[in-house]
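Tertiary structure, described
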Amino acid sequence: MTGMMDALVKARPGLGLDLMRVPVPQPGYGEVLIRIKKTAICGTDLHIYNWDNWSQKNIVPALIIGHEYVGEIAELGEGVKGLSIGRRVSGEGHIICGHCRNCRGGNGQWCAHTKGVGVNRDGAFAQYMCLPATNVVPISEDLPEDVVSFFDAYGNATHTALQFDVIGEDVLVTGAGPIGIMAAAICKKNGARTVIITDVNEYRLQLARKMGLLTINVATDDLTDVMKNSHMVEGFDVALEMSGSDSALNQAITHMRNGGKIALLGIFSREASIDWNTIIFKGLTVQGVYGRKMYETWYKMIAMIEGGLDLTPVITHRFNYKDYEKGFAAMNSGKSGKVILDWEV
C-alpha cells in the first residue's frame, strides 16, 4: 500500500505534538501493516507530549508516538504466515532481540535490548502502522473495541496483579490511575478477600468506586481504621504499588503483614527514600514489574474479559484523532481515566 496518512508526530523538542501528513509505512520481511481503528493515550504518551525530563533523555524526534491500539491487518509482508488481511488485531509493544539469555529462556519481558513501539520506533497514533508479525495479537470480534484499544495498559495491570497468588488474600493497591484501578479489579475477580485502593485524587477514586472497588483517600481517611473494619489483624498479604510515590510505597510497607509480597509497577520521578529495615525485619518480598509476559499475559487478559471482567467504566473520554489536543488536555487535568482516540474517518 502506498500513499499518505495522518499521524501524530513528536516533530521537535518541546511541548505538544503535530498532526502531520506522512507516507504510509511499507511492511518489510516478517512484518504486517495494520490499519489503526482506535488508540488510547497512555501515561508515556503524556510524558512525551509534555516533553518532561524522561522524554528529553529517551525520545528522538521526529517520531510517531502511541502504543495502545486496535486495528485490522491491511497488508502482509513477505514471509508472514498464520495471519490474514482483515484480521482484527492488537499487538505487543515491546520488540525484543530474540537472542539474549532472557529471550531464549522464555523471559522476553526482561530483554535488555527491547525497542518500544511509539518510543524507539514509530507507533500507533497514525492511520497505519507496521509491526513484526511475531508481535501481532489476534483479537476476537466479540470483545469491545474501545476496551481492546487499551489492552497494552490492561496487560501492565494484569502482569502486576498476577505476580502473586491473591486467592483469599487481602490486597492493597496504591495509586488509582487507570492501570491501578484495572489491577484492583483483576485481584477482586481472581478471588482476593479484600481489595483496597488508595489515592489522593478524588476524581480517580470515584472512578474506582464505579468499578465496585473499596477506596481510601489517604489525605483525609485513616487506612488503619479501614483495615480493622475489614478484619485485617496482621496487615495486607499483597500490595501493588502503581503510583510511583515513595510515600505510597512506604505506606504499603508499613501496613504489610510479615512475609507479605509487594509488586512495583509505578515509575518514580525521583530517587525514592525507602524504609529498607522494615522490609528486612518483616521478611517482605519486593518484585519489580515491567511490561507483560510474552505472550501468556495476553491469553489471560482475553480470558478475563471473556469471563465477564468489565473495564468500560475506566473509559472517561472519547475523541476523534483530529481533536487530540482535547484528549491530552483531559489527561493533563488529572480528571480522566482512559482517553480513546478514534482513527476512522
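Residues numbered from 1 in each chain as written. Predicted model: local features only at pLDDT ≥ 70, side-chain atom pairs only at ≥ 80, totals over all residues. Heavy atoms only, no water.

A few points about the packing of helix H5 (residues 151-161) against helix H11 (residues 296-306)
The interhelical angle for the contact between H5 and H11, taken along N-to-C directions, is 100 degrees, at an axis separation of 10 Å. With respect to H11, the element H5 is oriented roughly perpendicular. Contacts between H5 and H11 involve Phe 151, Tyr 154, Gly 155, Thr 158 and His 159 from the former and Thr 297, Trp 298, Lys 300, Met 301, Ile 302, Met 304 and Ile 305 from the latter. Partitioned by chemical class, the residues of the contact of H5 with H11 number seven nonpolar, four polar and one charged. (Axes fitted to C-alpha atoms, helices over the stretch in contact; angles between N-to-C directions. Helix = DSSP H or I, 4+ residues; strand = E, 2+ residues; numbered from the N terminus. Parallel < 35°, antiparallel > 145°, perpendicular 65-115°, else oblique. Contact = heavy atoms within 4.5 Å. Nonpolar A, V, L, I, M, F, W, Y, C, P; charged D, E, K, R; others polar.)

Digging into the sheet that holds strand E11 (residues 170-174)
The strand order across the open sheet built from six strands is E13-E12-E11-E14-E15-E16, with neighbouring strands paired in parallel fashion. The strands lining the two open edges of the sheet, one partner per strand, are strand E13 (214-217) and strand E16 (285-288). Within the sheet, the average angular offset between the axes of one strand and its neighbour, ignoring direction, is 20 degrees. Summarising the sheet, E11 and strand E14 (residues 236-241) pair through four bridges and their orientation is parallel. Bridging across to E14, Thr 174 finds its partner in Glu 241. Where helix H7 (residues 202-210) meets the sheet, its contacts fall on strand E12 (194-199) and E13, and the angle it forms with E13 comes to roughly 170 degrees. Against the sheet, helix H9 (residues 246-254) engages E11, E12, E14 and strand E15 (256-264), with an angle of about 150 degrees to E15. (Pairing = 2+ DSSP bridges.)

Overview of the packing of helix H1 (residues 43-50) against helix H12 (residues 324-333)
Direction vectors running N to C along H1 and H12 enclose 105 degrees, while the axes themselves pass 11 Å from each other. By the angle between their directions, the pair H1 and H12 is classed as roughly perpendicular. Of H12, the residues touching H1 (which contributes Gly 43, Asp 45, Leu 46, Tyr 49 and Asn 50) are Glu 325, Phe 328, Met 331 and Asn 332. A breakdown of the residues in the contact of H1 with H12 according to their chemical character gives four nonpolar, three polar and two charged.

A closer look at the environment of Met 5
Within the secondary structure, Met 5 sits in strand E1 (residues 4-10). In sequence terms Met 5 and Pro 25 are 20 residues apart; their C-alpha atoms lie 9.2 Å from each other.

Any link to function would need more than the numbers given here.
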